[in-house]
Amino acid sequence: MARPARSRVRPNQWWTPLRVLLATAVLVGTLGLVSKTSCAAADGHRWFSTSPVPAGASYARLCASELPGEYASTGLAEGVLPWSDDGGRWPVNAVPLPIGLLQYAAGSVVLLVTQPDVDARPAHDPAVVAQDREVRREAVAYTGLVALGSLLALLLALVAFARAAVRSRRHDTLRPWPAWPDPVLALMPLAASPVVAVLLGVGWDMVGVALVAFGLALWTAGRARTAGVVLGVAVLTAWWPAVVLVSLVATALLRHARAAGRLLVGAVATVVVGGLVAYVATSGDAVTEVLRRWLYREDGVGSIWAALRELGADPSTVTVAAVVIGVSAFAASLTFVYAARSGDVAQTSRYAFVLLAALLLVGTTYAPGYALWLLPLAVLAHPVWRDLLWWQAAEVFLVVATWWHLGQSTLPVGESPDLVYVAAIGLHVVATVWLAARMQLAAARREVPGSPESPAPLLAGSRGTP
């Protein structure tokens with residue numbers, strides 16, 4: 001007797017949940033890059049336009065990216081190392097040491113492939129070099145190369161998070177995020193993120209995301225010292241992974257003191273050694289410039305200080321620095337105390353999101369790429385589609401409003417403030433605070449005995465707890 005047909009049907013072995021996750025990320029990232037192809041037309045003319053302001057067409061057409069100018073206007077087109085002014089010829093490109101090395105590597109690849117006459121360029125004025133059509137074409141190639149590298153970094157981060165989430169079932173006490181019913185499905189909001197589609201190819205922010213993912217994956221696997229080294233490199237790349245490191249040490253302090261100690265020692269040693277190398281190699285610029293911009297960024301965008309300036313209020317730099325330092329110190333101390341008292345490593349991502357959000361909200365600038373810093377922590381702590389999409393909608397609105405403001409597309413006639421820009425900043429603040437509150441409520445429900453550990457449908461964006 002023949003078997004029923006359904007008994008001969010086998011599930012597709014190729015489309016595993018991880019491959020579906022990665023395919024989704026590739027699709028979303030590709031759509032984001034394709035949407036920016038018009039920006040690269042005519043040798044990237046919109047990126048280098050000067051009407052009505054430098055890169056005005058880039059802002060107005062939502063093509064803004066720091067990468068083309070980074071190549072053409074910092075000496076990379078002549079093979080000059082970052083942090084070097086080449087005898088005063090180029091402005092110092094004060095970026096963190098790992099990012100500067102990646103910039104130089106990407107620029108070297110472009111020069112190797114295109115084979116331009118680099119030796120002839122120093123004979124011309126830097127402004128002429130930056131506007132040269134050949135240099136512009138190289139800048140377009142450089143932007144595309146970095147954008148593809150950012151997409152690859154996202155894919156690697158997803159793989160690290162997914163494997164760590166599956167592994168956490170065997171190392172439950174080390175998991176730095178709440179338990180998920182489906183580890184891979186819970187990461188889908190990161191793979192299909194509108195913020196990623198909009199900001200991919202705008203800067204180097206995805207490098208820090210990938211390093212944090214590897215650090216947390218190593219911690220989940222019980223390799224605390226190696227995790228500390230990786231997170232230390234992440235801190236050298238961008239300051240925000242320090243928030244993740246502090247939150248992880250705090251939550252692990254009570255129940256995993258030895259592991260927390262190894263993690264902290266590895267991270268501190270890496271930061272100290274790397275910081276000294278960066279300070280010496282860059283004459284201090286790569287170290288001091290980050291702190292200076294955080295405290296005294298008078299041209300900062302997207303922050304509450306930028307909204308106040310737009311409305312006519314102009315607090316002094318001393319006042320701004322005092323508020324930033326005071327609020328940041330208070331938020332960091334309070335978060336550390338509560339995280340340490342909880343002793344729950346699974347709440348690391350929530351504490352890290354709340355602390356990082358507080359630091360960014362009070363900071364002197366909130367550049368568009370900063371949303372990518374918060375995104376992975378938000379997904380790890382609270383993978384509920386609806387809440388994440390509402391928050392990301394506010395972030396995308398702020399990105400668009402910031403670019404339009406910089407391109408003077410929404411500036412009213414006369415001395416009136418740009419109300420679209422101010423409203424976008426206000427909505428961003430409200431949405432971030434609201435998402436943090438949603439995380440807190442979800443965590444409180446999880447702590448109630450007998451409450452459901454996980455809701456029905458993450459994809460449906462239900463009100464349940466993830």
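Calculation notes
Residues numbered from 1 in each chain as written. Predicted model: local features only at pLDDT ≥ 70, side-chain atom pairs only at ≥ 80, totals over all residues. Heavy atoms only, no water. Patch = residues over 30% accessible without salt bridge, like charges linked within 9 Å, V, L, I, M, F, W, Y side chains within 5 Å. Areas by Shrake-Rupley, 256 points an atom, 1.4 Å probe, with all protein chains shown as cover. Salt bridge = Lys/Arg side-chain N within 4 Å of Asp/Glu carboxyl O. Helix = DSSP H or I, 4+ residues; strand = E, 2+ residues; numbered from the N terminus. Buried < 20%, exposed > 50% of the residue type's maximum accessible area, 1.4 Å probe, protein only. Contact = heavy atoms within 4.5 Å. Phe/Tyr/Trp six-rings, centres within 6.5 Å; stacked < 30°, edge-to-face > 60°. Lys NZ or Arg CZ within 6 Å of the ring centre and 35° of its normal. Axes fitted to C-alpha atoms, helices over the stretch in contact; angles between N-to-C directions. Parallel < 35°, antiparallel > 145°, perpendicular 65-115°, else oblique. Left-handed = near helix turned anticlockwise from the far one by under 90°. Nonpolar A, V, L, I, M, F, W, Y, C, P; charged D, E, K, R; others polar. Disulfide = S-S within 2.5 Å.

Asks: Give me a nonpolar patch on the surface: which residues, what numbers.
Replies: On the surface, Val109, Leu112, Val113 and Leu145 cluster together to form a nonpolar patch covering roughly 380 Å² of accessible area. Looking at the nonpolar patch, the element that brings in the most residues is helix H6 (residues 97-114), giving three residues.

Asks: I'd like to hear about the environment of Leu254, residue by residue, with values.
Replies: Considering the arrangement of structural elements, one finds Leu254 in the loop between helix H14 (241-252) and helix H15 (257-281). Its relative accessible area of 60% is what places Leu254 among the exposed residues. C-alpha separation for the pair Leu254 and Arg341, spaced 87 residues apart in sequence, amounts to 7.8 Å. Apart from residues lying up to four places away in sequence, Leu254 is in contact with Ala340, Arg341 and Gly343.

Asks: Can you lay out the packing of aromatic side chains for me, pointing to particular residues and giving the numbers?
Replies: In the structure shown here, the tally under the stated rule is eight aromatic pairs. Between Tyr366 and Tyr370, the aromatic rings sit 5.7 Å apart at their centres with planes inclined by 85°, giving edge-to-face as the arrangement. Each member of the pair Tyr366 and Tyr370 is classed as buried. A centroid spacing of 4.2 Å and a plane angle of 25° characterise the contact between Tyr370 and Trp373, whose relative ring orientation is stacked. For the pair Tyr370 and Trp373, one class covers both residues: buried. Connected via pairs of aromatic rings, a cluster forms that spans Trp239, Trp240, Tyr366, Tyr370 and Trp373. Taking the ring centre of Tyr351 as reference, the NZ or CZ of Arg350 above it sits at 4.8 Å.

Asks: Report on the packing of H14 against helix H19 (residues 348-362), specifying residues and quantitative values.
Replies: Packing of H14 against H19 brings their axes to within 9 Å, and their N-to-C directions diverge by 140°. Judged by the inter-axis angle, H14 sits oblique to H19. Of the two possible hands of crossing, H14 and H19 adopt the one that is right-handed. Between H14 and H19, the contacting residues are Val243, Val244, Ser247, Leu248 and Thr251 on the first element and Thr348, Tyr351, Ala352, Leu355, Leu356 and Leu359 on the second. Looking at side-chain class alone, the contact of H14 with H19 contains eight nonpolar, three polar and no charged residues.

Asks: Tell me about unusual backbone geometry, residues and numbers included.
Replies: Even without glycine at this site, Gln115 takes up a positive phi of about 55°. Here Gln115 is to be found in the loop between H6 and helix H7 (126-131). The phi torsion at Gln408 lies on the positive side, around 60°, for a residue other than glycine. Inspection of the secondary structure assignment puts Gln408 in the loop between helix H21 (385-406) and helix H22 (419-446). A relative accessible area of 39% places Gln408 in the partly exposed class.

Asks: Would you mind going over the packing of H6 against helix H8 (residues 133-167) in detail, with residue names and values included?
Replies: At a minimum axis separation of 10 Å, H6 and H8 run at an interaxial angle of 130°. Here H6 is positioned oblique relative to H8, judged by the angle of their axes. Where H6 crosses over H8, the handedness of that crossing is right-handed. Where H6 abuts H8, its residues Gln103, Ala106, Gly107, Val109, Val110, Leu111 and Thr114 lie against Glu138, Ala141, Tyr142, Leu145 and Val146.

Asks: Tell me about the state of the cysteines, and name the residues and values.
Replies: Chemically, a disulfide is nothing more than a covalent bond linking the sulfur atoms of two cysteines. What the rule picks out here adds up to one disulfide. In this model Cys39 forms its disulfide with Cys63; the gap between the sulfur atoms is 2.0 Å. Measuring handedness by torsion sign, the sulfur bridge of Cys39 and Cys63 sits at about -75° and is left-handed. One end of the pair, Cys39, is in the loop between helix H2 (17-34) and helix H3 (41-44); the other, Cys63, is in the loop between helix H4 (56-60) and helix H5 (67-72), with 24 residues separating them in the sequence. Cys63 matches Cys39 in its accessibility class, with the two residues each being buried.

From the geometry alone we can't say anything about function, so treat these as descriptive.
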